[in-house]
Amino acid sequence: MVGAVFGAAALWVSDGGRDPDTTTTFFSGVVGGLYLLTGSIAHLRRPGRLGLLMVMVGIAWFAEDLQVSNNPVPHTIGLFYRSVASASLVHLLLAFPDGRLHGRSERAVTGAVYATVLLLVPLGVPFYNSITPNLVLVADLTRLQENLINGTQIGFAVAVGVLLVRRWFVATPPARRVLAPVYGVGITGVAASLSQPGLPGESAELVKEIAHLATLGLPMAFLAGALRIRLGRTVVGGLLLRLPRADPTELRDLLAHALGDPTLRIAYPHPDDTDDTDNPDASELYVDAAGRPVIPRPQDAVTPVLRGPRVVAVLLHDPALRADRHVLEATIAAAALELDNQRLAAEVRAQLAEARASRARIVTAADEQRRRIERDLHDGAQQQLVTTALILRLARDRLGPDPSDPELGVLLRRAADGLEASVTELRELARGIHPAVLTEAGLMPALRALAARSAYPVDVIDGPALPPLPDQVAATAYFVAAEAVTNATKHAHATRVHVGVRVSANRLVVTVADDGVGGADLAGGTGLLGLRDRVAAIEGRLVVRSSPGDGTSVHANLPLEMP
Amino acid sequence: MLADDAELFRTALADLLERDGCVIVGQAADADGLLDAVERHRPDLAVVDIRMPPGHHLEGLRAAVRLRRLHPGTGVLLLSQHLEVTHLDELVGQSARGVGYLLKDRVTGPDFLSAIRRVASDGCAFDPEVVPLLAGQRGRRDELAALSAREREVLALMAQGRSNGAIAAELQLTTRTVETHVRNVFLRLSLPDEAEHNRRVLAVLAYLRSAPRATTSASASADSVDLGRKPAADDWSTASP
């Protein structure tokens, strides 16, 4: 608003001095007004420096017009500011599209242009003579100044040109998309201005119109660039509609499409150090949806996706996307819920994998421990008890058939009986903990021994010879069969139990079927439940089929190779 | 000849056997020592623990199988903390002569010394618990289904190496009744009409072998004795009390 009032005043003041051949009040007003208008629109739609810079160019444009005035006072004031629009334009060009200068060269060039326009040019005003009287004229060094200023202008033009060309070449596709309108109009304008002097009359007129149109078009191009970023918002709307159906890879594609960055990646904070919102850009470890580590590339910008205080994910993306933080933020807000879900899924998967591995380790360790206890019982306690019983027998033999103290003989016999009972109990205990024959001779002999010791008829069906089985698989198969046989005889009142073992497609299939009362429930008996856990620990499956009156069959399907 | 890695047990066992009139020609703590000592002394009997160094696995069983093949004249009595049919199959192979398989704690029992003498003199001695294990197996049950309960009982005692007199005492029958049962067993198992002793051994073998063979058990049969043609040459029935 201030700019518009100032612009109107400047136009009114300078109106009288216009040279109809170069610029008209109307044309100048339209150009300046366009900068004010487009800058305001850009700023309203996307609050930030870019819109303000565009408004500043508009104001500077009008400030430059003051020098055209016939009135010596505004004319003299205008002389001081007669190049500010160029400086603002350079600033706007270099700061486009995010309103910030990047890198030392950009800041140096912009600074130098401002220094020239705001310090050196005003210093030269007392030595500049123009048509309208210069109120502060001291000496006339106009020609020298014009040459100096033209030379400086050419230098700056080259520097800015180099910077812009360089920027185009390092720009990523999303950045170029934004730069394209400004570059297109700018190149057209420059080409038209440069070629105009060398062309014949009519063509020159046409080209001059093109140059004028380009000058008019430049603020529109700036606005178009800004709006191109804004177009992303409509994509965000589409994104929102499609998110609930997105699987992890699709989500990445949707976000990449919405933000126009094919290199975009989604990563999640490592489950071990969540809640580190202070420093999301630090080189902490990220993982992808499958739990694998993700290392940011050097050129990646890392934007945290927050849900409340927590970093649910980070986007690794082209830094150019930060040019429009609002689109980035809108996209992130739209995707945050989905990302949070996927982060949870990734965590759960990682934890599940760890839980599976630890369950398998626990079962392996427990088996190993059972084997060791069984061996310790046999080779340790049982051996010592047998030896003691033997020594006791020697003592009894030495005592002779008619000991002087008959009580002693009775006591020794009782001790021997007690030892014998202990040894028998210990043997049964050891067998229950882990049958030695399983380690010594393998699964089939162990199952036959199980059948032979069962109180009920148990048939072990012989199939083709089994390949060597991993310890865990053999132990699991044995314990499944043992538990199922126990259930069949104890609870199902079966009269016959069949145990079958075969290898099929790299899996060991154990089947125990009985002709009992049926009605066994996997969830009901803790025995079956324990079996299911055991089988699951080596990634196997346990199926129990049991309907009342129709017997029970237990099927265990065990992989021969652990995944 | 004694082989067990537990020295205390070995010494006590040697003491027991020496008091009974046996001569202990050597003691070994592992399988290699056992084979060497048997090679040197050619004893009547080797008492072998099934678990021995280095692996404490089945070294004793493997050594016993080798001994039986290399030195048929040396009886082998295998002691174990637990009984397994699969080990029995491997140990016995095709010949039930001069072989025994007992629970280790039988050493304190009343029948141990007679079992020692039976195996030393080419007889056999299988643990009483072996018999129900065999009976519990498929195949054996089918084959032995022809026998009556009493006949099976008698056969079980025959497998332990008992004489008719000892069986009669155990079952509280007359010797004559036991002899009738034994004849019926021979008949029902279709054993050839040969000398009584050979038929006893064959009956026991039929009992032991009627199970489906474990794949590993065939290895022990390389130089087995053909029991059918060997004359009765020892005092089987006098070996037991």
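Here the structure is a predicted model, which is why all the values come from computation and not from measurement. (Residues numbered from 1 in each chain as written. Chains lettered and ligands numbered in written order. Predicted model: local features only at pLDDT ≥ 70, side-chain atom pairs only at ≥ 80, totals over all residues. Heavy atoms only, no water.)

Caption draft 1: Representation of the sheet that holds strand S5 (residues 99–103) of chain B. Residue and element names in this part refer to chain B. Read across the open sheet, the 6 strands follow the order S2-S1-S3-S4-S5-S6; overall the sheet is parallel. Bordering the open sheet on either side are strand S2 (27–28) and strand S6 (124–126), each of which pairs with just one other strand. As paired elements, strand S1 (residues 2–3) and strand S3 (residues 45–49) share 2 bridges and run parallel to each other. The partner of Ala 3 across the bridge, within S3, is Val 48. (Pairing = 2+ DSSP bridges. Helix = DSSP H or I, 4+ residues; strand = E, 2+ residues; numbered from the N terminus.)

Caption draft 2: Structural context of the nonpolar core. One finds Leu 34, Leu 78, Tyr 101, Phe 126 and Met 158 of chain B to be the most contacted residues of the largest nonpolar core, which totals 49 residues. With 42 residues, the next largest nonpolar core counts Tyr 35, Val 90, Leu 94 and Val 113 of chain A among its residues. (Core = buried A, V, L, I, M, F, W, Y, C linked by side-chain atoms within 4.5 Å. Buried < 20%, exposed > 50% of the residue type's maximum accessible area, 1.4 Å probe, protein only.)

Caption draft 3: Up close: the interface of chain B and chain A. Each side of the interface is counted separately: chain B has 35 residues, and chain A has 35 residues. Carbon and sulfur atoms make up 51% of the surface buried where chain B meets chain A, a total of about 3200 Å² over both sides. Interface area lost by chain B to chain A is led by Arg 51, Gln 81 and Thr 108 of chain B, which between them contribute 20%. Inspection of the region where chain B meets chain A yields 7 salt bridges. Inspection of the region where chain B meets chain A yields 15 residue pairs in polar contact (both at pLDDT 80 or more). Of all the secondary structure elements, the ones that give two or more residues to the side of chain B that touches chain A are helix H1 (7–19), helix H4 (85–92), helix H5 (112–120) and helix H6 (130–135) of chain B. (Contact = heavy atoms within 4.5 Å. Buried area = accessible area lost by both parts, 1.4 Å probe. Salt bridge = Lys/Arg side-chain N within 4 Å of Asp/Glu carboxyl O. Polar contact = N/O pair within 3.5 Å; in protein donor to acceptor, adjacent residues only side chain to side chain.)

Caption draft 4: Spatial organisation of the environment of Ala 346 of chain A. Residue and element names in this part refer to chain A. Along the polypeptide, Ala 346 turns up in helix H11 (residues 325–399). Taking C-alpha positions, Ala 346 is 8.2 Å from Tyr 268, a pair spaced 78 residues apart along the chain. Those residues in contact with Ala 346, other than ones at most four positions away along the chain, are Asp 288 and Ala 289.

Caption draft 5: The packing of H1 of chain B against H5 of chain B, seen in detail. Residues and elements named next belong to chain B. Two numbers describe how H1 lies on H5: the axes approach to 11 Å, and their chain directions differ by 80 degrees. Relative to H5, the element H1 lies roughly perpendicular. Contacts from Leu 13, Leu 16 and Leu 17 of H1 reach H5 at Phe 112, Leu 113 and Ile 116. (Axes fitted to C-alpha atoms, helices over the stretch in contact; angles between N-to-C directions. Parallel < 35°, antiparallel > 145°, perpendicular 65-115°, else oblique.)

Caption draft 6: Region of the structure containing a nonpolar patch on the surface. Residues and elements named next belong to chain A. Among the surface-exposed residues, Val 73, Ile 77, Tyr 81, Leu 118, Leu 119, Leu 120, Leu 123, Leu 135 and Val 136 lie close enough to one another that they form a single nonpolar patch of about 860 Å² accessible area. When residues of the nonpolar patch are traced back to their parent elements, those giving at least two are helix H4 (72–80) and helix H6 (104–124). Here the nonpolar patch takes 4 residues from H6, the largest share from any one element. (Patch = residues over 30% accessible without salt bridge, like charges linked within 9 Å, V, L, I, M, F, W, Y side chains within 5 Å. Areas by Shrake-Rupley, 256 points an atom, 1.4 Å probe, with all protein chains shown as cover.)

Caption draft 7: Focus on the confidence of the model for chain A. Looking at chain A as a whole, the pLDDT averages 80, with 88% of positions reaching at least 70. Scored below 50 in pLDDT, residues 274–283 of chain A shows 15 contacts in the model against residues more than four places distant or in partner chains. (pLDDT = per-residue confidence, 0-100.)

Caption draft 8: Just the pattern of salt bridges, in detail. Residue and element names in this part refer to chain A. By the definition in use, this model includes 30 salt bridges over all chains. In this structure, Arg 371 and Asp 471 form a salt bridge, with 4.0 Å as the shortest nitrogen-oxygen distance. Of the two residues, Arg 371 is situated in helix H11 and Asp 471 in helix H15 (residues 471–490); the sequence distance between them amounts to 100 residues. Of the residues examined, Arg 371 reaches a relative accessible area of 17% and is grouped as buried.

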